[in-house]
Amino acid sequence: MATIDPSRFRSTLLSIVRYGFGRTMEQATKVDIFNSVCFAVREHIIDRKIETEKRYADNDVKRMHYISMEFLTGPLLANNLINLGIYDECRTIVNDIGLDFDDLIEFEPDPALGNGGLGRLAACFLDSLASMGMPGFGYGINYDYGLFHQSIIGGYQHERPDFWYNKSSPWLMRMSGEKAMVPVFGRIEDSEDMVGEYNPMWVEWKLIVGRPHDIAVVGYGGKTVNRLRLFSAWASEDFDIQIFNEGDYYRALEDKIRFENISKILYPSDSRDSGKELRLVQEYFLVACAVHDIVSIYLNQHDSFDMFHEKVAIQLNDTHPALTVAELMRVLIDLHFVEWDDAWQITTRTLGYTNHTLMPEALETWPMHIFKKVIPRHLQIIQEIDRRFMSMIKEKYPDDPEKPRRMSIVIDNNGEKNIRMAHLAIVGSHSVNGVAAIHSELVKTRLVPDFYDLWPEKFNNKTNGVTPRRWILRANPLLAQLVCDTIGDGWILDLGRLRELEAHCKETAFLERLLMIKRKNKVRLASIIKETTYIEVDPESIFDIHAKRLHEYKRQLLNAMNIIHIYFQIRDDNIIPSVPRTFIFGGKAAPGYFMAKLVIRFIHGLAEIINKDSKANEWLKVVFIPDYRVSLAEKMIPGADVSEQISTAGMEASGTGNMKFAMNGAITIGTLDGANIEIAGEVGEENIYIFGHKVDEIESLRREHDADRFLNSSPALKRVMDAVRSDIFCPDEPGIFKPLYDSIVHGGDYYCHMADFQSYTDAHSRLANDYMDRHNWAVKSLLNIARTGKFSSDRTIKEYAEEIWKIKSQI
Ligand SMILES: *Cc1c(COP(=O)(O)O)cnc(C)c1O
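Residues numbered from 1 in each chain as written. Predicted model: local features only at pLDDT ≥ 70, side-chain atom pairs only at ≥ 80, totals over all residues. Heavy atoms only, no water.

A word on the environment of Ile625. Inspection of the secondary structure puts Ile625 in the loop between β20 (620-624) and α23 (630-636). C-alpha separation for the pair Ile625 and Lys179, spaced 446 residues apart in sequence, amounts to 41 Å. The contacts of Ile625, once residues within four sequence positions are left out, are Gln150, Leu525, Ile529, Thr532, Thr533, Ile584, Phe585, Gly586, Leu632 and Met636. (Helix = DSSP H or I, 4+ residues; strand = E, 2+ residues; numbered from the N terminus. Contact = heavy atoms within 4.5 Å.)

We now examine the environment of Gly465. With respect to the helices, strands and loops of the structure, Gly465 is situated in the loop between β17 (459-461) and α18 (468-474). Of the residues examined, Gly465 reaches a relative accessible area of 0% and is grouped as buried. The spacing of Gly465 and Glu192 is 273 residues in sequence and 52 Å in space, taken between C-alpha atoms. Those residues in contact with Gly465, other than ones at most four positions away along the chain, are Leu121, Cys124, Thr656, Met659, Phe791, Ser792, Ser793 and Thr796. (Buried < 20%, exposed > 50% of the residue type's maximum accessible area, 1.4 Å probe, protein only.)

The local shell around the ligand holds 13 residues, among which Lys548, Lys554, Thr656, Gly657 and Lys660 are the closest. Gly657 is positioned with one of its backbone polar atoms (N or O) 3.0 Å from an oxygen atom of the ligand. In this structure, Lys660 approaches the ligand through a side-chain N or O atom, which is 2.6 Å from an oxygen atom. The protein chains hide 95% of the 390 Å² of surface that the ligand would expose on its own. Among the elements of the structure, α23 and α24 (657-663) are those that each provide at least two residues to the shell around the ligand. Taken together, the residues of the shell around the ligand sort by class into four nonpolar, five polar and four charged. (Near = heavy atom within 4 Å. Polar contact = N/O pair within 3.5 Å; in protein donor to acceptor, adjacent residues only side chain to side chain. Areas by Shrake-Rupley, 256 points an atom, 1.4 Å probe, with all protein chains shown as cover. Nonpolar A, V, L, I, M, F, W, Y, C, P; charged D, E, K, R; others polar.)

The next thing to look at is a nonpolar patch on the surface. Together, Tyr249, Tyr250 and Leu253 make up a nonpolar patch on the protein surface, roughly 290 Å² of accessible area in all. By the element assignment, Tyr250 lies in helix α7 (residues 246-260). Residue classification places Tyr250 among the partly exposed residues on the basis of a relative accessible area of 48%. (Patch = residues over 30% accessible without salt bridge, like charges linked within 9 Å, V, L, I, M, F, W, Y side chains within 5 Å. Salt bridge = Lys/Arg side-chain N within 4 Å of Asp/Glu carboxyl O.)

What follows deals with the UniProt feature "modified residue: N6-(pyridoxal phosphate)lysine" (unreviewed entry) in the chain. Under the UniProt annotation, "modified residue: N6-(pyridoxal phosphate)lysine" (unreviewed entry) lies at Lys660. Mapped onto the secondary structure, Lys660 falls in helix α24. When near neighbours in sequence (up to four residues on either side) are disregarded, Lys660 contacts Arg120, Val466, Trp471 and Ile637. (UniProt positions renumbered as here; feature names shortened; annotations may be inferred.)

Laid out in structure tokens, this is it:
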């Protein structure tokens, strides 16, 4: 572990304030101070970054490049200090100067360059790679505007832009001289080369310049510092060459601005395909910049492509970067004159693809005419890949004339041709993985069974994980201290060792400490709730938390239905609950997702009525904390008694929120979906509340859906649904919740709220009863902490490294 020289750190800091920002300490603003502290810390990081790169180059190591449209890192100062091992020292020095260290840590804005789980996974992976000393690098886009900020006005979500960059991130280092030139638009001219071979020319393209900005990724222990490279789009300087008059001047500038818009904004939809041309240009821009960079790094040390797949692995985070297949082929063939067959071998041996969803609305398809306009050469290459693939399929399955249509990359939908990005990614990769055991099975059996039949060896599972450095050490210092006091600090890089805590599950004093820590974390969360919503909540009540993106499949509405059920039991049935409960929500809805936004309004409707009802509010409160993001998750998760993981079975690929909650001692109430199944397998069925229909039952449920049967057989459900339809929870805006009622009762209830209602409310009653036995509950909580070591992203990364990437630790 590193140490810092206090007097040197102090003088560096003062000199940055003075000569970097032109101020004395007295004049300096909070932004100046924050940036200066980060710059002073950066010195320690950069020395190690340079040393790491030298070590990799000297050993000519195999490198893995993780291409992702999203990296949801969250604030970096605290984590960098923890991983460098200088958090406490730095805190002392900064406080001694007369500054408030904790306040500075809280001041850092979240770099929100991602929507949710997929982007957060990428950030956890980078932490694990660096912490295990592995040469693994991230490639992404340096969006000017990250995910929007959410505020709530009158119960409705409002979006405000997140111009995080304006505050200038001290973590972002512009790497001058390493730009990527990216051709786009234009057309293909058929021509022949000198020996008469077909030689298509991509002509009249325009150039986008990709400027790299690096964020250092500090591994735990500070030995290895990798990088996340983010590209900003710039128009080429050649934009002014053909300006003859004023009109041309304005047109040239308009073009320039249009190009620079490419890296302006993150698309704010989670698990939904936008289909917008700008999004395709973004995806292509990222891929082209990344491939350019990866190939140049390789060519620094090699002069032919023979060793490429032995020195380079590329992982595609979902299909968003699937164009890598075509771009790598193009670079090899058009720029380096590699033969098609060799280029194809290199490409497929290098690429791996991770699938993140089975939901049809999330599977990317692009109209061919957009491809033709934006990337005509890539379209041509994709068509050739498809032609060769199709002739192989026809030869292999002569008796199944439907195979080609089911498997082709280009699909003709009544005259409109579309590119299926998942098919492109599968054909172009040597590995296809899902992100939890059940999900990987469903990829094989339901999503692409024909591909599994053809290439069973390509398919594998890599159950997601999360980094314990951020999600325990940073987020829950009290728990981390208890664990260190009890079993030492080996667990931080080997989370399986948390099992050693099980030996203490009968010690009352130990369990008391655990309960005390949970209580302190709940008190901290209660004060955040007070500050952000003005609602007072009781830390003695069960903190039941449902925090994640708003989506119908995640069923925040089912949670709301149970709350109404409990409310009516208190108000109308005079049933006094066994224990008071606080239901806490957090999560953003995509700005164009009507139903998700209506659910936010609905939760606020419940809160408005229930929190004011004096007969109920001693027992029941409802809270929605606005602007769910990494820094808020770090405070909510340690304060949870209960974790809501209640997606419709078969729809949550894995989930990672479920893992963060469990390893912080929350008990899960959840369906047999995604990684919940594996969490149940680890913690044991007496330490988790599983309810609801299983994945094989969902399909027939939908087919035989009969709303009246559910309503007539359950008075409790009928009462709840009548309330959804009525104006009880929206007295001032009658009728607004009707679409929620209609989607469930008249719309086929695709997400099976009614079918799972009874078992969900039953599971909640069991849970509330069990909570009263404080000793027993503490044991459950401890066993969740002790038995969720499997869900460290270190374990996940080891599996990827050994089975797909073939990269090794360099420490
Ligand atoms: C972990 C995390 C997610 C993913 O949560 P799920 O419950 O797996 O959907 C989303 N957003 C943030 C800020 C997170 O930290």
